[in-house]
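Examining the three-dimensional arrangement
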Amino acid sequence: MAYYNPEAILTDAQKAPCTFELAVPGLAPLNNGSAIEHGTKLDLPLWMAEMLAVSKPAGPSSTSLASLDMPPALGPRVLNALSADPKSVELRAQAQWFYGLGERMLDLFDEEKMVELLIDMFSRQTFKQRALEIADKSQNTRTTQQGGDSGDFMGGLDETERQLFRAAHDGSNAVKRWFESSSRS
Amino acid sequence: MAMFLPSGLTPDEVGFLCEAEEVTVIPRQRLEGLELLGGPTHALNPPFPTPLPLWLALLLKKQRRANISPPPWLSAEALTHILDFETDERTAEVLSPAPALPRATSTAPLEGDPYLSLDSLEFSAPFAKNAATSRAQQDALPYHWLELGHLLLTHASDDFDDPDTIRKLLRDLREVRMSKLRKGFKVLGPGAGIKMNGVGGMEIAEVRGFVEGMVNGLRKINRSREESRKEREAEDRENGLGSGSYQDDEDENML
């Protein structure tokens, strides 16, 4: 992802659970001051977690410093809810940059092809269905502004979906504005 | 990088560009041909109808020096006919076709052949000739149909027989076509596309932002799968097991 892209930075700042394989006394500040032992679980941002999981320190035991687990936002409960009804899940409550998170996890979990394919299918199905819903909602400007029963759906969109909504809304708004401006001149 | 300028044309820009289309004008005063950058305009000799660019036609209309003659497809019967075509259930997937292009006048480029000379160039929409003049095709909607119809109805409504019916027909046509486009969103994917033959400029501008965002999002989700597939194929090729298909060259050119 781009170095200067704010979306990429925010996506990488999301936390994922890590389990330390070794005792790392030097990183105690991460754990609120108490030393980190073998087996300590911590929530670390993705950029740090990736580095720790990938780097292998030289020495007799060549395991990596920490192992990375799937964040709860992509856990089996959420995946089941998504397969049941993609449109009713509040992605924003799970993670503000849900699809970005999914993408990063797909990058890191290279070995487990089954998991990858599963998530991939879900992302495509959920993304498409939610995107179609967004397209519908963007046409009806009055109900979305009042909130109403569409307030739950709109509040549950993650950042990429919000941008999609804005793009769709801007399109139809710009056409309306052009019609009005050309009627005046 | 966060780019705030929209890619492609915005609806305002499409509306501006449609003013370059030519319309047939019935002058009320004489006027010499104007020497413009793009070439001279025709001289105006009342009462002969003359083609002029739309922006000039609208200006003369405002100054009451000319009347604009609506193109054949912008009449109640023609629009009703097209609307029937659109709402017919057999054409639920398809938009009404654009005007047919004139026959090609140049063949294969040979040495000394005037392939790129101005008189043998063929234009397609939005540069097709006679999209809105009196010689336009009656049963097809040209590329800028929505913008042209709106501008002519706004500024030259007295030149129409029945402006209200035409306004209503234009609105209905727009709704039917937009709903067809939106139904096509369902098949969008990183590798798939919608068939949009006959779509108009303003319609594209309206859905451009959304379609871009959706295809981009699907592409990003598919990215890791694409990369691992490419890695696997590269390994296979190195091990001599791959089929070495030519499709991989196309993949490398994809952005």
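As a reminder, the structure under discussion sits directly above these lines.
Predicted model only: the values in this text are computed from it and were never measured.

1. Observations regarding the overall build of chain B
Within chain B one finds seven helices and five strands. Counted from the first residue to the last, chain B has its helices and strands arranged as α-β-β-β-β-α-β-α-α-α-α-α. Put simply, chain B has 255 residues, and 35% of those count as buried. The long-range fraction of contacts in chain B, counting pairs at least 24 apart against all pairs at least 6 apart in sequence, stands at 66%. Split by element, the accessible area of chain B, about 15,800 Å² in all, is 54% carbon and sulfur.

2. Considering a nonpolar patch on the surface
Residues L31, L34, L36 and W55 of chain B make up a contiguous nonpolar surface patch of about 290 Å² in total accessible area. Summarising the element assignment, L36 of chain B is placed in strand β2 (residues 35-36).

3. Some details on the packing of aromatic side chains
Residues and elements named next belong to chain A. Per the stated rule, a full pass over the model turns up three aromatic pairs over all chains. Measuring from ring centre to ring centre gives 5.7 Å for F98 and Y99, while their planes differ by 85°; the resulting arrangement is edge-to-face. With a relative accessible area of 4%, F98 lands in the buried category. With a relative accessible area of 8%, Y99 lands in the buried category. Seen from their ring centres, Y99 and F127 are 5.0 Å apart, and the 90° between their planes marks the pair as edge-to-face. Here Y99 is found in helix α5 (residues 98-108), whereas its partner F127 is found in helix α6 (residues 113-139), with 28 residues between them in sequence. With respect to burial, Y99 and F127 carry one shared label: buried. Three or more aromatic residues joined by ring pairs form one cluster here, namely F98, Y99 and F127.

4. What about the sheet that holds strand β5 (residues 66-69) of chain B?
Residue and element names in this part refer to chain B. As summarised here, the arrangement of the three strands in space is β4-β1-β5, forming an open sheet in which the pairing is antiparallel. For this open sheet the edge positions go to β4 (50-53) and β5, each flanked by a neighbour on one side alone. Taking the axes of each pair of neighbouring strands and ignoring which way they run, one obtains an average angle of 50° across the sheet. Taken together, the four bridges between strand β1 (residues 22-27) and β5 define a ladder with antiparallel strand orientation. Considered in β5, the bridge of V25 is made with I68. This element, helix α2 (residues 54-62), spans β1, β4 and β5 of the sheet and lies at about 105° to β4.

5. Quick notes on the pattern of salt bridges
For the structure on display, the rule yields twelve salt bridges over all chains. The residue K137 of chain A makes a salt bridge to E133 of chain A at a minimum N-O spacing of 3.1 Å. Remark: E133 of chain A and K137 of chain A occur in helix α6; sequence separation between them is four residues, near one turn of the helix. Notably, a salt bridge pairs D164 of chain B with R167 of chain B, separated by 3.2 Å at the nearest N-O pair. Placement of the pair is D164 of chain B and R167 of chain B together in helix α5 (residues 163-184), with a separation of three residues, close to one helical turn.

Conventions and cut-offs
- Residues numbered from 1 in each chain as written.
- Chains lettered and ligands numbered in written order.
- Predicted model: local features only at pLDDT ≥ 70, side-chain atom pairs only at ≥ 80, totals over all residues.
- Heavy atoms only, no water.
- Helix = DSSP H or I, 4+ residues; strand = E, 2+ residues; numbered from the N terminus.
- Buried < 20%, exposed > 50% of the residue type's maximum accessible area, 1.4 Å probe, protein only.
- Contact = heavy atoms within 4.5 Å.
- Areas by Shrake-Rupley, 256 points an atom, 1.4 Å probe, with all protein chains shown as cover.
- Patch = residues over 30% accessible without salt bridge, like charges linked within 9 Å, V, L, I, M, F, W, Y side chains within 5 Å.
- Salt bridge = Lys/Arg side-chain N within 4 Å of Asp/Glu carboxyl O.
- Phe/Tyr/Trp six-rings, centres within 6.5 Å; stacked < 30°, edge-to-face > 60°.
- Pairing = 2+ DSSP bridges.
- Axes fitted to C-alpha atoms, helices over the stretch in contact; angles between N-to-C directions.

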